[in-house]
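Residue-level structural notes
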Number of protein chains: 2
Amino acid sequence: MYSPLLFPVRLEERKLLVFDETTLPFKEEYLKVEKLEDALDILAKMKTRALGQVLLFFYSAVLFQKEISPEELAKRFKAIRPTFDFELLGQILNKQAKSGITLEEAVKNFIEGLEQKRKARAKELAKDLPSKANILTICNLSGELVYLFEALKNMAKEAIFYVSETRPYLQGTRLTFWELRKNKIPSILICDNQVASLMQEKIINCVVVGSDRSTVNGDIINKIGTYALARLAKYFGIPFYVLTQYPQDIDIDTIEIEERQENEVFMFLEGVGSLEYEAVYPSFDITKKEFITKTYEIKAN
Amino acid sequence: MYSPLLFPVRLEERKLLVFDETTLPFKEEYLKVEKLEDALDILAKMKTRALGQVLLFFYSAVLFQKEISPEELAKRFKAIRPTFDFELLGQILNKQAKSGITLEEAVKNFIEGLEQKRKARAKELAKDLPSKANILTICNLSGELVYLFEALKNMAKEAIFYVSETRPYLQGTRLTFWELRKNKIPSILICDNQVASLMQEKIINCVVVGSDRSTVNGDIINKIGTYALARLAKYFGIPFYVLTQYPQDIDIDTIEIEERQENEVFMFLEGVGSLEYEAVYPSFDITKKEFITKTYEIKAN
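None of these values were measured; they are calculated from a predicted model.

Turning to the relation of the copies chain B and chain A, a few remarks are in order. One copy of the chain maps onto the second through a rotation around an axis plus a translation along that axis. Mapping chain B onto chain A calls for a screw motion: a turn of 180° about the axis and a shift of 0.0 Å along it, with 0.0 Å RMSD after fitting. Taken together, these values place the two copies in the relation of a two-fold axis. A share of 100% of the interface residues of chain B reappears at the interface of chain A, consistent with the copies meeting face to face through the same patch.

On a regular strand, one side chain projects to one face of the sheet and the next to the other, so that they alternate. Residue and element names in this part refer to chain B. With four bridges connecting them, strand S5 (residues 158-164) and strand S6 (residues 187-190) associate as parallel partners. In the strand pairing of S6, Tyr162 is matched with Ile188. Each parallel crossover has a hand, and for S5 linked through helix H7 (residues 171-182) to S6 it is right-handed.

Turning to the domain arrangement of chain A, a few remarks are in order. All names here are of chain A. Taken domain by domain, chain A comprises domain 1 (4-113) and domain 2 (117-298). For domain 1 and domain 2, the distance between their C-alpha centres works out to 23 Å. Residue-level contacts link 17 residues of domain 1 with 21 residues of domain 2. Here the residues of the side of domain 1 that touches domain 2 sort into eleven nonpolar, three polar and three charged.

Residue and element names in this part refer to chain A. Scored by pLDDT, chain A comes out at a mean of 91, with 97% of its residues at no less than 70. Mean pLDDT across the elements of chain A bottoms out in strand S12 (residues 294-298) (79) and peaks in strand S4 (residues 132-138) (98). Per the prediction output, this complex has pTM 0.91; the corresponding ipTM is 0.88.

Counting residues at the interface gives 40 residues for chain B and 40 residues for chain A. The biggest single contributor to the side of chain B that touches chain A is helix H9 (residues 226-236) of chain B, with five residues. By residue class, the composition of the side of chain B that touches chain A is 25 nonpolar, six polar and nine charged.

Procedures and definitions
- Residues numbered from 1 in each chain as written.
- Chains lettered and ligands numbered in written order.
- Predicted model: local features only at pLDDT ≥ 70, side-chain atom pairs only at ≥ 80, totals over all residues.
- Least-squares fit on C-alpha atoms with pLDDT ≥ 70 in both.
- Contact = placed C-beta atoms within 7 Å.
- Pairing = 2+ DSSP bridges.
- Helix = DSSP H or I, 4+ residues; strand = E, 2+ residues; numbered from the N terminus.
- Right-handed = clockwise from strand over helix to strand, strands pointing away.
- Domains from an automatic or database assignment.
- Nonpolar A, V, L, I, M, F, W, Y, C, P; charged D, E, K, R; others polar.
- pLDDT = per-residue confidence, 0-100.

Structure representation (structure tokens):
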């Protein structure tokens, strides 16, 4: 079992390749990053995100180290996607660099460790899930649900994933549902507004989500819609599990929530010119620890 | 101010015309019903719904009275859209018919009264809303939000509608947002999964929804997603108002919830053949009275 989203950005013989998530599930293709501007453009257009943008940052830091420092690169990345903490990634690199290794080695260490850490936490989570797990999820966890399913299978646990489509960008439909089905993992696609009904009918017995940011006290920021799942899960007594990485000692409310362009909300109105569109589209929401059953962390090196 | 959705089905010189909601907001066109089968086909394809299907039933009862009785017609309609109580509409007609008037007159009485009743309840609701009303709504209320806005304006109250797009069929985007914008009524389109965030940030201060079915004890059935809004509104202390009609003395849990075809959930996956799709798509959900602040009823004659 494998998902291309587990390693969505690759450095192969000094060629930086980015798996284009925006053409999924219709086309599986890699984009080449030749200049720093290519990387920034890919980031802005969300052609990669989540783990992909972490890898894109690290590899760009290596590839373009003669023209830009990790700190400066972090600032450029953060200006484009303000909710994600690229500065922390810059600090991770700097810390390693101070210990005398090259940027290349620092990035290699980070990425090698990552795969094992991700498998380990998938296993840890699998232990906590019921023997017949009906798992609600939203957005995309960069392939980690594939690890989770394998871990559950090895424990002789059954699982079905209920994938919330995750409007407006449809990461649930286009990425998660696609990667699960590709691996023949039982999965059912639902619309975001079906969640409360499925919980009430006891069809869902656990929720598993990722997080773009997290704090040491247990709060998280994740894709818009996560907070509603958490609130509803709490009400229905359904455990709500979160995969986090690099939790920070800060107040979650101080983190800027990215507002993305309205046109993603208006995709169904293309061609209707006269309505003077207006939409609100925060890209993420905050879920406080009181709604989270348990987090499974990957810590900074 | 006017919305074609206020009278989506019309009988003009014995020609039955149905406003095609499925081509909105791109085309505004009326379909002709010449045979009973046309009416049933329009119903199955949801080319009209809500008030439209009530009117379609009544006018079909008149137009095709020589070939089918109101009771039999109700059964045919209900087989197609099981959650809506066409049998009640049949009973309303029968009751009037017994009082000695023709089917034509019975339908005419019903429809004439309806407009006034709808305006009156919009006014009643407007009284209860705050002077700066930030109204969250879902699906489509067949033009009644236009009446509501007029009533609010006459009371010198300000209003903005936050329209939840209502996946998968997008009645919020295609119908409500369209009819509000057409009338230059302030309105903002949101994705269904943004609701909890907007409530938490106190951007929304009331919720107004319609209902497909309702009971005398105050429970309702409405478009899937309504129950989540109600639960979240209760948590955030936001009043939740419902427009109902013909509440019945029955147990809401005994009403069949229509399951619609999966392909509406899969609209974004067209052309991806190999994923062996599976989706769950109940068309409605149940909201019990404990989550409802107040209902504004239209009763059967």
